[in-house]
Amino acid sequence: MFKRSKVTDGTATGQGPTGDNCNGLEVGIKKKSKVPGVMITQFIEMLPEGKSHPDFTRKPIALTIQEGKFAFFKAIVIGDPKPTVTWSRNNGDVSDTSRYQAKYDPNSNEHTFEMPNVKPEQADTYKCFATNEYGQAVVTVVLNVIEVGYKKNKAQQKAVTDEDFKTVLKRKSKVRPKSVQPEKKDGEIDPKFWELLLSADKKDYEQICAEFGVTNFRWMLKKLKEIKTEREEEQAAFVRSLSDLKSIKVNANGTASFELDMDLIDQSNSIFLYKDGEMVPYTKELGDELKHSLKQIGKKYIFSVRDLMPEDAGLYQVDVGDVTMFSTDFKIPMVEFLVKIQEVKAKEREDAVFECVLSNPFSKILWFGKNLPLEQGDKYDIEVSEDKLIHRLVVKDCMVVDKGIYSACAGIKSCNAWLVVEADKDAQQGKKSARKATRAGGSGTDLQKIAQEQQAKLEKVREERKEQIKTALAAPPPESPPAPEPSNAEIKSTKAPEPRKVAKPAAAASDPPVVEVEITGQSPEETKCDEKPQPLADTEGEPGITRGLSDIYALRGNPAELNVKMNSNCDGTWFKDGEQLNTGAGISITKEGTSHNLTIQSCRDENSGVYQFASGELSTQGKVTVGDIPAFDQDDLHKFSKPVIVRVGQNAAFKMPFPPQESLVVSWFKDGVEIKDGGGVKIVKEPNHSRLLFRDCLRTDAGEIKIQLKNPFGAVEATSQLIVIDRPGPPEGPVEIVETTSSIIEIKWSPPKDDGGSAVTNYILERQQAGQSLWMKLGDVSADKTSFRDRNVTHGKKYNYRIYAENPEGISDSLETADSIMAGIMILSGPPGAPKVVSASKSCINLTWTPPEDDKGVPIIGYQVEKRKKDTNQWITLNALNEPIEDVNYAVKDITEGAEYEFRVSAINESGSGDPSPPSALVCAKNPNMRPCFKDPEDFIVVRAGNSARVKICYEAEPPPQITWLKDDEPISPWINVINIEGMSQLVIPSSKRSDSAIYTIKAKNSVGEASFDIEVRVTDEPKPPGPVVLEQTVHDKVVVSWDPSPDQELDDRMYYMVSQYDSNVRVWKTVADRLFTNTYTANNILSGIQYHFRIYAKNDMGPSDPSQSPPWGINSNRVPIPANGVISSEVCFERPPSILVPLKAHTPPRGYQVYMTCAVRGCPTPSVSWYLNDVCINSDSNYYFTNSFGVCSMYILRVRTKDSGEYKVVAVNSFGKAECSTKLNVRGDHVSS
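Predicted model, so just to flag it, every value in this text is computed and none were measured.

Reading the values: rules and limits
- Residues numbered from 1 in each chain as written.
- Predicted model: local features only at pLDDT ≥ 70, side-chain atom pairs only at ≥ 80, totals over all residues.
- Heavy atoms only, no water.
- Helix = DSSP H or I, 4+ residues; strand = E, 2+ residues; numbered from the N terminus.
- Buried < 20%, exposed > 50% of the residue type's maximum accessible area, 1.4 Å probe, protein only.
- Contact = heavy atoms within 4.5 Å.
- Pairing = 2+ DSSP bridges.
- Axes fitted to C-alpha atoms, helices over the stretch in contact; angles between N-to-C directions.
- pLDDT = per-residue confidence, 0-100.
- Phe/Tyr/Trp six-rings, centres within 6.5 Å; stacked < 30°, edge-to-face > 60°.
- Lys NZ or Arg CZ within 6 Å of the ring centre and 35° of its normal.
- Core = buried A, V, L, I, M, F, W, Y, C linked by side-chain atoms within 4.5 Å.
- Salt bridge = Lys/Arg side-chain N within 4 Å of Asp/Glu carboxyl O.
- Patch = residues over 30% accessible without salt bridge, like charges linked within 9 Å, V, L, I, M, F, W, Y side chains within 5 Å.
- Areas by Shrake-Rupley, 256 points an atom, 1.4 Å probe, with all protein chains shown as cover.
- Lys, Arg positive; Asp, Glu negative; His and termini not counted.
- Charge placed at Lys NZ, Arg CZ, Asp CG, Glu CD.
- Parallel < 35°, antiparallel > 145°, perpendicular 65-115°, else oblique.
- Nonpolar A, V, L, I, M, F, W, Y, C, P; charged D, E, K, R; others polar.
- Arc of directions from axis to C-beta.
- Polar contact = N/O pair within 3.5 Å; in protein donor to acceptor, adjacent residues only side chain to side chain.

Participant: What exactly am I supposed to notice about the overall build of the protein chain here?
Facilitator: Along the backbone of the protein chain there are six helices and 90 strands. When each of the 1234 residues of the protein chain is scored for burial, the buried share is 42%. Restricting the contact set of the protein chain to residue pairs at least 6 apart, pairs at least 24 apart contribute 63%.

Participant: Can you walk me through the sheet that holds strand 17 (residues 300-305) in this structure?
Facilitator: Pairing between sheet strands relies on hydrogen bonds along the backbone, with the strands arranged either parallel or antiparallel. With antiparallel pairing, four strands are arranged side by side in an open sheet as 12-13-17-16. What marks the edges here is a single partner per strand, and that holds for strand 12 (239-250) and strand 16 (292-297). Recorded for the sheet is a direction-independent mean angle of 15° between the axes of neighbouring strands. Across seven bridges, the pairing between strand 12 and strand 13 (residues 256-264) is antiparallel.

Participant: Help me understand the confidence of the model for the protein chain in this model?
Facilitator: Do not read the fine detail of predicted coordinates wherever pLDDT is low. Residues of the protein chain with pLDDT of at least 70 account for 86%, and the chain-wide mean is 82. Scored below 50 in pLDDT, residues 1-26 makes 70 contacts in the model with residues more than four places away or belonging to other chains. Confidence drops under a pLDDT of 50 for residues 1230-1234, and excluding neighbours within four residues, the segment shows seven contacts in the predicted structure.

Participant: Would you mind showing me how to read the packing of aromatic side chains here?
Facilitator: To describe a pair of aromatic rings, you give the distance between the ring centres and the angle between the ring planes. Applying the stated criterion across every chain yields a total of 30 aromatic pairs. With a centroid separation of 6.4 Å and an interplanar angle of 50°, the aromatic rings of Tyr100 and Tyr126 are classed as tilted. In this pair, Tyr100 is assigned in the loop between strand 7 (84-89) and strand 8 (101-105) and Tyr126 in strand 10 (residues 124-132), connecting sequence segments 26 residues apart. Cluster of aromatic residues (ring-pair linked, three or more members): Phe258, Tyr282, Phe303, Tyr316, Phe326 and Phe330. Lying over the aromatic face of Tyr1156, Lys457 brings its terminal NZ or CZ to 5.3 Å of the ring centre. The ring of Tyr1172 carries the charged tip of Lys1209 above its face, separated from the ring centre by 5.9 Å.

Participant: I keep staring at the nonpolar core and nothing clicks. Help me out?
Facilitator: A general tendency of soluble globular proteins is for nonpolar side chains to be buried together. Membership of the largest hydrophobic core comes to 28 residues, with the highest contact counts inside it found for Phe258, Met262, Ile271, Tyr301, Phe303 and Phe330. If one sorts the elements of this core by residue count, strand 13 sits on top with five residues. Once residues within four sequence positions are removed from consideration, Phe330 is found in contact with Ile248, Val250, Ala256, Leu308, Asp312, Ala313, Gly314 and Tyr316. Membership of the second largest hydrophobic core comes to 26 residues, among which are Tyr100, Ala102, Phe113 and Leu143.

Participant: Would you take a moment to explain the pattern of salt bridges for this structure?
Facilitator: Pairing between side chains of opposite charge can happen when the charged atoms of each approach one another. The full count for this structure, using the stated rule, is 60 salt bridges. Here Glu375 ties to Lys364 by a salt bridge, and the two come within 3.7 Å at their closest N and O atoms. On the criterion of sequence distance, the pair formed by Glu375 in the loop between strand 24 (372-373) and strand 25 (380-384) and Lys364 in the loop between strand 22 (351-358) and strand 23 (366-369) is long-range, its members being eleven residues apart. With relative accessibility at 48%, the residue Glu375 sits in the partly exposed group.

Participant: Where do I start with the sheet that holds strand 73 (residues 998-1005) in this structure?
Facilitator: The mixed open sheet is built from five strands, whose spatial order is 67-74-73-69-70. Either end of the sheet is taken by a strand with one partner, and the two such strands are strand 67 (940-944) and strand 70 (970-971). When strand 73 meets strand 74 (residues 1010-1020), the two strands line up antiparallel, connected through eight bridges. Across the sheet, residue Lys1003 finds its bridge partner in strand 74, namely Ser1012.

Participant: What should I look at first to understand a negative patch on the surface in this one?
Facilitator: Where like charges cluster on the molecular surface, the negative patch consists of Asp968, Asp969, Glu970 and Asp1014. Position of Asp969 relative to the elements: it lies in the loop between strand 69 (962-967) and strand 70.

Participant: Help me out: how do you make sense of the packing of helix 3 (residues 205-212) against helix 4 (residues 217-235) in this one?
Facilitator: Angle between the axes and distance between the axes are the two parameters that describe a pair of packed helices. Where helix 3 meets helix 4, the closest approach of the two axes is 12 Å, and the angle between their N-to-C directions is 105°. Overall, the two elements helix 3 and helix 4 adopt an arrangement that is roughly perpendicular. Of the residues in helix 4, those touching helix 3 at Tyr205, Glu206 and Cys209 are Phe217, Met220, Leu221, Leu224 and Lys228. Here the residues of the contact of helix 3 with helix 4 are counted per class, giving six nonpolar, no polar and two charged.

Participant: I tried to follow the packing of helix 2 (residues 191-199) against helix 3 on my own but got confused; where do I start?
Facilitator: Here helix 2 crosses helix 3 at 175°, and the two axes come no closer than 10 Å. When the axis of helix 2 is compared with that of helix 3, the two are roughly antiparallel. Residues Lys192, Phe193, Leu196 and Leu197 of helix 2 touch helix 3, and the partners they reach there are Tyr205, Ile208, Cys209 and Phe212. Here the residues of the contact of helix 2 with helix 3 sort into seven nonpolar, no polar and one charged.

Participant: It is not clear to me how helix 3 should be interpreted in this structure. Could you clarify?
Facilitator: Working note: α-helix, 3.6 residues per turn, so residues spaced by three or four point in the same direction. Taken residue by residue, helix 3 has Tyr205, Ile208 and Cys209 as its buried positions. An end-on view of helix 3 places all buried positions within 100° of arc, on one side of the element. Exposed side of helix 3, more than 90 degrees from the buried face: Glu206, Gln207 and Ala210 are the residues found there. Contact partners of the buried residues in helix 3: helix 2 and helix 4. Immediately downstream of helix 3, the backbone of Gly213 shows phi near 75°, a positive value.

Participant: So what exactly am I meant to see when it comes to the pairing of strand 7 here?
Facilitator: Within a regular strand, the side chains alternate between the two sheet faces. Across the six residues that make up strand 7, a large majority, five, are buried. Across six bridges, strand 7 lies against strand 10 in antiparallel orientation. Bridging from a neighbouring strand, Thr86 pairs with Phe129 of strand 10.

Participant: Where do I start with unusual backbone geometry in this structure?
Facilitator: Most peptide bonds take the trans configuration, and most residues that are not glycine carry a negative phi. With an omega dihedral of 5°, the bond running from Asp80 to Pro81 counts as a cis peptide bond. Cis geometry is adopted by the peptide bond preceding Pro734, which originates at Gly733 and carries an omega value of 0°. Here Pro734 is to be found in strand 49 (residues 732-740). In the Ramachandran plot, Asp936 falls in the positive-phi region, its phi being about 45° despite a non-glycine side chain. Phi angles above zero are rare outside glycine, and Phe1190 is one such case at about 55°.

Participant: Is there a simple way to explain the pairing of strand 73 in this structure?
Facilitator: Where strand 69 lies against strand 73, six bridges are found, and the strand directions are antiparallel. Note that in strand 73 the partner of Gln962 across the bridge is Lys1005. Hairpin connection, strand 73 to strand 74: the antiparallel pair is bridged by four residues.

Participant: Sorry if this is basic, but what is going on with the environment of Arg231 here?
Facilitator: The topology assignment puts Arg231 in helix 4. For the pair Arg231 and Met325, spaced 94 residues apart in the sequence, the C-alpha separation amounts to 8.6 Å. Setting aside residues no more than four positions away along its own chain, Arg231 makes contact with Glu195, Leu198, Val323 and Thr324. In terms of polar contacts, Arg231 uses its side chain to reach the side chain of Glu195, at 3.0 Å.

Participant: Explain the environment of Gln1049 to me, please; I cannot follow it from the model alone.
Facilitator: Along the chain, Gln1049 falls in the loop between strand 76 (1038-1043) and strand 77 (1056-1063). When the C-alpha atoms of Gln1049 and Pro1023 are compared, they prove to be 8.3 Å apart, with 26 residues separating the residues in sequence. Apart from residues no more than four positions distant in its own chain, Gln1049 is found in contact with Met1055, Tyr1057 and Asn1079. At a separation of 2.4 Å, a polar atom in the side chain of Gln1049 contacts the side chain of Tyr1057.

Below, the structure is given as structure tokens:
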């Protein structure tokens, strides 16, 4: 995870003029810097001549770095007098020198703020202050620290506001992490919606809109076009092209990946990966243990996520710089395999079946065979049950080559099994055995039963969730506590220590062409150390130190001098490590007026220590450290100086050993610019050596490679060369035409700018005739010649040429001619005949013309048509020269209704477009007058009562007709709406009633004629069921079925009846009569000993009514009751007390899992069942879900808790007694629910 800095605002200590300095001339004037982000405050109104306030010429750059790495900021400041630079952080101080070190390099004028072994708690907003007596310049910079191993220390994570988060990341995308998302306003659309649309296919727009609840598609498409235009302009600054966007999907190996083709303008641009607006680290190394990885193959980038978990779902975005290139939504459904696929053993030419059952409905799962995706086709059948729980894969016509591992993948869950194919031993040798109709495999269990049980469980869960939602909605919302008042964090500013000086050695034994030695410190002439400025005495005349001691580094064997200046002529004493020093033993102590000097003639290790100067009660001290500059071994230096030569795409490595030293800083440079670890560069720093690795080298990686070893005493450098060879770049254009005649075309070009690190050997030329797709190779040209003469050309024809450069590494991209080159002069055709108008309408004008009389001997390819609107002078072409009209007629559709046009035509040949024809006569774009006529109208419409009735009639007429609607030849009622648009009229009855049933007539009339059409509208509803049914037998084996009419019979003249019959022999309802307009029906073939039932339905245009049931007929209908004649009969009694048929079982689930208890109870009358936990009734507890289905009593706990442990008891009670059973539930606490 990232440890992000918290960005706060405020004024740091020491920022701006202080109260002590606020005199009459000092003000706080804000000035603008040339460097963005720098705030300048000028303390005085008028600057003296030659003086200036501080400013930054190079400001620190925001840094995101991994925990434990070396972090640093660099800045360069200007100003006269020279500004003092200090550093501070918003949420803490920087006084700990073991964690924060401020340095100054006088050679480069760079101020550096270093943080070795950076920690996550150091992530913050840092400020750099440059101050002199005339003003102050301030700049802020952000440090983000990536915690190693995804340490999720919640206590150290600090909330970041939305505004602050923009300051930190400066992303143009509006997708933000959940922790910093602003409160969503009513009607506001999630930014994720637009990001998904920008990267989605048009066929997925509807699905995305439905997911986010967007219904106004026209507005969405207009807004999306604006956003897409803006995004493409932003992307153009980083990429040349972006294509082949493939959304994230789960692979057979258990990873998820998405990919895109991206042609970066600058290969050094950083690529960032975000998940739900939060940056995630990724690796290019297959062996690294990071979850996310990037694989680049040419221009294709493939991002992968391994070890998939439910929390990996979210919106993934790829950014280049601060611009989003691609977004894809990864959805992980919560699904498990209740029944996994099993191993299948099939014989050759037999079908094999793999089956599985899921815990939740899934429309389509992924099937893989031998790690390849399988699709529906001739070889495989993929089947899904109606409830979408059962999924099958059928491998048809199995052969021996089909054996292997097959897998099913649903979301991030998968299962696999072997397919074993046995060869058919009965088949004749050399002949194929016959196809078998049998199937092998399957799960061996009743999948339908398991699916039904799971469906019932899911239904129970849905009902339980509905109840929970109702309960939550009914509960009053909790009162939110008052927000705490923000506290103003004190931002401290610490002064950076003065630059440390080192005495320069007398000589440096090195090889100047290879090694450069840089001495950090003073020249031999400057033997004085930098003194600390001390405050002057408050009272004039009182002794004081005006320049004190500071820490210095001295080279072994070189002199060093310590100097202290007083404001008066006073004596003083020197001490080293608390012991007083005197002149002698290589140390000289002198005094010149108010200046006190201590000189070390030749520095040795024993001269290191803390030196102190004391005069009365005044004292100053500084530390002297003696040491040497770093050095390289000459053999290692010789090996390192040899250039490294690699091909493009290969890795290049540099290694340099050196003796271990304390406070040694190792830096790598390329062409004078320091190289940082990250991206395609890996730097390894060990105590005794350092390695530099360039992965997948490009031509731009070639250059001078330098390693620098630096300690407080100086620096040493060694140089080498990285040579990356590749195929050459394209030849330089443009292609120049040297000569063109009827038989010769001569061209020339320039050599490529980049020869790929290897000399060009020759050029390859190809030619294409204009209008054709075939390129023909003309030959090779030696590298010293950059021209070519083509003698095989045809007069009047145009040609395109392209040139390739070749070296030992390959062939370059091509340089192509910008325009076609014609052989000889242009021969244009004469003008065709004037166009004639065949027909005209408001949307189309059809033209025809005759070919030109004189084609000048060159074949005509086609024609070009131009138009001109009346009263204008501009002719507008309707087709391009490379899209000629091959026929002598053309339909012009780019016209405006009511406008008048004239047209002309030009003939096109190999030389181009010839002279235009005379213009045509003016023609108006309008439809010819036409009598109204209706297009495919419907004459009968049925509408359910209460619904709106819409009668839509399309027509054609010119001029537009007057539309009139009638109901039964009478004007329509005012509440009936009529909507008329061009070419269509619609009658709308908002809420139809039966009384709206009628014949509606539409009349259309214009100046040419009129037309009318009748539509019958029937408003009805499902009929009410018929009355009671009576059965009567008049003759043997026939029964007359009669019934009372339905109450809707008088209201609906299209209503009729249907009769269904059921008998005890067949036991299936079947229709025996339909479309009966009477209330009786005679049933035939009624047999004795069989019981019959009849149902009568009323039906109309809306469908059937509920049935009216007849009394049973047959078996006992004619039986005569027999008296008991005194015989005592006794009835069978089924009453009994409750009993437990299947008791409860013990359960020990982990915490967070689901629990399902069940038992079976019987008794008559049906007993009432109660559940108890530790002798407390829980029937009314909403945390438990109970069912009782015909004596099978069940209890379901969705997520079991620790407090659910205990003794559960079921008690069944009726009027005859009581029965009970109990069990124990022990919840294990070693599982944490995800």
